[in-house]
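Per-entry structural report
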Amino acid sequence: MSTRKPSSSPAPGSVGEYLRAQGISRRGFLKFCTATASMMALSPAFVPRLVEALEKAPRPSVIWLSFQECTGCTESLTRSHAPTVEGLIFDAISLDYHHTLQAASGEAAELAREEAMKENWGKYVLVVDGSIPLGNPGFSTIAGISNVDMLMDTAKGAAAIVSVGTCAAYGGLPQADPNPTGAVSVQDLIKDKPIINVPGCPPIPVVITGVLAHFLAFGLPELDELNRPKVFYGQNIHDRCYRRPFYERGQFAETFDDEGAKKGWCLYKLGCKGPTTYNACATTKWNQGASFPIESGHGCLGCSEPRFWDGGSFYKALSVPTGDLGQTAGYALAAGGAVGIAAGLLARQKKAQAVKDHETVTVNDLHKGEHS
Amino acid sequence: MMTPIEQIDIKIEPFEQNTGNILPTLHQIQHALSALLKSDQTTSIDINAMPFAPGEKQTLKDTLSTGEVTATLNALGKSHIYETQYAGVWWIEHYNSHEHSVGQFIEVTWIPELLKSQAEDVQAGLERLLATL
């Protein structure tokens, strides 16, 4: 006959302790970890590892800066069906500054940001949504501080930066031709910190929280060449699309109301950007997993890819970016000079050290750990 | 407040041509059942991680059908857990407190872990009971 003993208490100040303090039973915690593993696109076999990691993971301080954005990314996250797994993950972090959500404003809010930075120097996670205007610092300010100054100041003590949404990740809509504000992305300006891009217009809410959960439990996720977490952005929409078999058979909708459209055939000829878009929409889906654009009969716009607004018509089959790239490239180049951070050797060394401090964990590493 | 999708009275008709992912899933379940019998190895399949055409998930559910055991868990919202017509194959669907689905799994196991009493909860219950005596 087997005996079972309670596991040791969660570490003080940890996510596990926080959840237990909310009156969540061990069974509830297991359910939470199961749903979180699914959200993080991890195999259910990793649930025990996640349970163990979250029991010990300290609640991180998070500073969230919003620049040239539409608040869609914050809406995407906060309008998700709280209180639930995403809600709990979001609650489990210590959100010390978010000017859209916090009650304080003006100097009091900025004081909260400065205090959080001081208390958690080198450890806090900086989340950014929105692009940064370099054309004129007055285009976008918070408490009289320009976006570029606030970003550079806050980034100094961050352990890692999460660029939420296509605007923060690549410049997004504000950067669309002719880029009137001289918008640049976070990674155009910061070269010495690990940056995780979570693009999308907006990103899928569970992907935002999934990235935070991954950072909480296992550190930095493995990234692709555009600094996107591979667990969510490793496959393109087309490869995971349930309409893919129609593409293989050459069955395409030619208009939005023809027989092909009614039968749910492939939307490639109607401009679907699924083949060149890397995101988790086809499996994670939207609105509590109910559907995603292609399932609703509309092609993918490619919103998690750089310069998707300048890719020509959304309804033209796979077009390439048009317009004058010279101006935006100029701003991106100026970004390096303006803030005195070229992608030089020192910056690369600092980034390498920061990445080392928060080692990247791949699914294979987790798998190895499972059997070690 | 927005009406949850589950409360809208619609029926999703399966496509005449589907992704073809149901049959491989059934084969995976068959291998998992063999492994359970042979080496006590349990398997969990995340249904939401697989691309299914509209209606296909329901077809899979209908194929597996229901068996002898049905349970409802109340922890962070409800979870519906039932054994399918194939003993050892469990369908688990987790909901949040707004009754929105947050995860669907097939577990091939003797009994799903979540149905067992957890030692930590037993300990907490014992302490509560002792306090009342």
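Criteria and thresholds
Residues numbered from 1 in each chain as written. Chains lettered and ligands numbered in written order. Predicted model: local features only at pLDDT ≥ 70, side-chain atom pairs only at ≥ 80, totals over all residues. Helix = DSSP H or I, 4+ residues; strand = E, 2+ residues; numbered from the N terminus. Buried ≥ 20, exposed ≤ 12 C-beta atoms within 10 Å, placed from the backbone. Contact = placed C-beta atoms within 7 Å. Nonpolar A, V, L, I, M, F, W, Y, C, P; charged D, E, K, R; others polar. pLDDT = per-residue confidence, 0-100. Pairing = 2+ DSSP bridges. Axes fitted to C-alpha atoms, helices over the stretch in contact; angles between N-to-C directions. Domains from an automatic or database assignment. Expected span 1.5 Å × (residues − 1). Arc of directions from axis to C-beta. Core = buried A, V, L, I, M, F, W, Y, C linked by C-beta atoms within 7 Å.

Observations regarding the overall build of chain B
- Broken down by element type, chain B carries three helices and five strands.
- The buried share among the 133 residues of chain B stands at 26%.
- Considering only contacts within chain B whose residues lie at least 6 apart along the sequence, 47% involve residues at least 24 apart.

Quick look at the interface of chain A and chain B
- Taken residue by residue, the interface counts 34 residues in chain A and 32 residues in chain B.
- Elements represented by at least two residues in the side of chain A that touches chain B include exactly helix H2 (26-39) and helix H15 (281-284) of chain A.
- In terms of residues, the side of chain A that touches chain B owes the most to one element, H2 of chain A, which gives nine residues.
- Tallied by class, the residues present in the side of chain A that touches chain B amount to 15 nonpolar, twelve polar and seven charged.

Here's the deal with the confidence of the model for chain A
All names here are of chain A.
- With 80% of its residues at a pLDDT of at least 70, chain A reaches an overall mean of 81.
- Every residue in residues 320-325 is under pLDDT 50, and counting partners more than four places away or in other chains gives ten contacts.
- For the stretch residues 336-347, pLDDT sits under 50, and the model shows 14 contacts to residues farther than four places along the chain or on other chains.

Remarks on unusual backbone geometry
All names here are of chain A.
- A cis geometry characterises the amide bond from Asp177 onward to Pro178, with omega recorded as 15°.
- With respect to the helices and strands, Pro178 occurs in the loop between helix H8 (165-170) and strand E8 (183-184).
- In this structure, Ala143 is a non-glycine residue whose phi angle is positive, near 50°.
- With respect to the helices, strands and loops of the structure, Ala143 is situated in the loop between strand E5 (141-142) and strand E6 (145-146).

Let's talk about the sheet that holds strand E1 (residues 61-66) of chain A
Residue and element names in this part refer to chain A.
- The parallel open sheet is built from five strands, whose spatial order is E2-E1-E3-E7-E9. Edge strands, defined here as strands with exactly one partner in the open sheet, are strand E2 (94-98) and strand E9 (195-198). On average, each strand axis in the sheet is inclined to that of its neighbour by 20°, with strand direction left out of account.
- Where strand E7 (residues 158-164) and E9 come together, four bridges link them in parallel fashion. Residue pairing for E9: Val164 is matched across the bridge by Val198.
- Against the sheet, helix H6 (residues 106-119) engages E1, E2 and strand E3 (124-129), with an angle of about 135° to E2.
- This element, helix H10 (residues 205-218), spans E3, E7 and E9 of the sheet and lies at about 155° to E9.

What to know about the sheet that holds strand E3 (residues 78-83) of chain B
- With respect to topology, five strands assemble into an open sheet ordered E1-E5-E4-E3-E2 (chain B), the strand pairing being antiparallel. In this open sheet, the two edge strands, each paired with only one partner strand, are strand E1 (43-46) and strand E2 (70-74) of chain B. For this sheet, the mean inter-axis angle between neighbouring strands, taken without regard to orientation, is 20°.
- Pairing between E3 of chain B and strand E4 (residues 89-95) of chain B: five bridges, direction antiparallel. Within E4 of chain B, the residue paired with His80 of chain B across the bridge is Glu93 of chain B.
- The strands touched by H2 of chain A within the sheet are E1, E3, E4 and strand E5 (101-108) of chain B, with E5 of chain B carrying the most contacts at an inclination of about 95°.

Quick notes on the pairing of E2 of chain B
All names here are of chain B.
- Within E2, only zero of the five residues are buried, which leaves it mostly out in the open.
- Pairing geometry for E2 and E3, over five bridges, is antiparallel. Paired with Ala71 across the bridge in E3 is Ile81.
- Counted between consecutive antiparallel strands, the loop separating E2 from E3 contains three residues, among which Leu76 sits at a positive phi close to 55°.

Section: the domain arrangement of chain A
All names here are of chain A.
- Along its sequence, chain A is carved into domain 1 (13-59), domain 2 (60-228 + 333-360) and domain 3 (237-303).
- The partner domain 3 presents eight residues to the eight residues of domain 2 that form the contact.
- Its residues assigned to classes, the side of domain 2 that touches domain 3 shows four nonpolar, three polar and one charged.

Description of the environment of Tyr315 of chain A
All names here are of chain A.
- Along the chain, the position of Tyr315 falls in the loop between H15 and helix H16 (325-338).
- When the 15 C-beta atoms within 10 Å are taken as the criterion, Tyr315 is described as partly exposed.
- For the pair Tyr315 and Ser61, spaced 254 residues apart in sequence, the C-alpha to C-alpha distance is 43 Å.

Here we look at the environment of Ala49 of chain B
- As for its position among the elements, Ala49 of chain B is in the loop between E1 and helix H2 (56-64).
- Each C-alpha atom of the pair Ala49 of chain B and Gln85 of chain B lies 23 Å from the other, and the pair is 36 residues apart in sequence.
- Setting aside residues up to four positions removed in sequence, Ala49 of chain B forms contacts with Ser38, Ala41 and Thr283 of chain A.

Side note on H6 of chain A
Residues and elements named next belong to chain A.
- Over its 14 residues, H6 runs 20 Å from end to end, which matches the ideal 20 Å to within 8%, given 1.5 Å per residue.
- What H6 keeps buried is the set Arg113, Ala116 and Met117. The arc that holds every buried residue of H6, seen down its axis, measures 100°, which confines them to one face. Facing away from the buried surface of H6 by more than 90 degrees, the exposed residues are Glu107, Ala108, Leu111, Glu115, Lys118 and Glu119.
- Among the structural elements, E1, E2, E3 and helix H7 (147-155) are those in contact with the buried residues of H6.

A short note on the nonpolar core
Residue and element names in this part refer to chain A.
- Counting 111 residues, the largest nonpolar core has Val125, Leu126, Val128 and Ile161 as the members making the most contacts within it.
- When residues in this core are grouped by element, the largest group, ten residues, is from H10.
- With sequence-adjacent residues up to four places away left out, Ile161 is seen in contact with Leu126, Val128, Ala155, Val186, Ile190, Lys193 and Ile195.

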